[in-house]
Amino acid sequence: MDCVSVVRDTEDIIEEIKNNVAMPNFLKIKTYKDYLINEKKYYYPDMLLDWVAREHLGLQRTEEELATMRKEYLDKVKQIEEEDKIGEEQCKKLEIENK
């Protein structure tokens, strides 16, 4: 019987968060993630908990959000590549100076 009450508690929490219209989506996700960490003791990476919370609450990412995330990722990769090139050039200069 305890298993049934645990399932009901989880479902109640999810429904309570889903039905709270005054709470913005990002706060719903954060609240559910906090519940998973503090009550359920799920210690997983933040990205995984974010995905679980979004799935359980029915708040999947929009195409616009995904496009923004992809763009930010590509921008960051480009920045890292440029910094690597600068670092390699500086290393080559130091090697030439040390010879």
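Residues numbered from 1 in each chain as written. Predicted model: local features only at pLDDT ≥ 70, side-chain atom pairs only at ≥ 80, totals over all residues. Heavy atoms only, no water.

K.L.:
Looking at this structure, how should I read the overall build of the protein?
P.N.:
Summing up its helical and strand segments, the protein has 4 helices and 0 strands in all. The secondary structure elements of the protein, listed N-terminal to C-terminal, are α-α-α-α. For a compact globule of 99 residues, the expected C-alpha radius of gyration is about 13 Å, and the protein comes in at 22 Å, more than 25% above that figure. A buried classification covers 16% of the 99 residues belonging to the protein. When contacts within the protein are restricted to residue pairs at least 6 apart in sequence, those whose partners lie at least 24 apart make up 38%. Summed over all atoms, the accessible surface of the protein reaches about 8,500 Å², with 56% contributed by carbon and sulfur. For the protein, the distance from the average position of its 17 positive side-chain charges to the average position of its 24 negative side-chain charges is 2 Å. (Helix = DSSP H or I, 4+ residues; strand = E, 2+ residues; numbered from the N terminus. Rg over C-alpha atoms; globule rule 2.2 N^0.38 Å. Buried < 20%, exposed > 50% of the residue type's maximum accessible area, 1.4 Å probe, protein only. Contact = heavy atoms within 4.5 Å. Areas by Shrake-Rupley, 256 points an atom, 1.4 Å probe, with all protein chains shown as cover. Lys, Arg positive; Asp, Glu negative; His and termini not counted. Charge placed at Lys NZ, Arg CZ, Asp CG, Glu CD.)

K.L.:
Is there a simple way to explain helix H3 (residues 46–57) in this structure?
P.N.:
Residues spaced three or four apart along an α-helix point in a common direction, a consequence of the helix completing one turn every 3.6 residues. Taking 1.5 Å per residue, 12 residues should reach 16 Å; H3 reaches 16 Å between its end C-alpha atoms and fits that length. Turning to H3, its buried residues number three or more, namely Leu-49, Asp-50, Ala-53, Arg-54 and Leu-57. Buried residues along H3 cover an arc of 135° about the axis, so they all sit on one side. What points out from H3, more than 90 degrees from its buried face, is the exposed set Met-47 and Trp-51. Immediately downstream of H3, the backbone of Gly-58 shows phi near 70°, a positive value. (Expected span 1.5 Å × (residues − 1). Arc of directions from axis to C-beta.)

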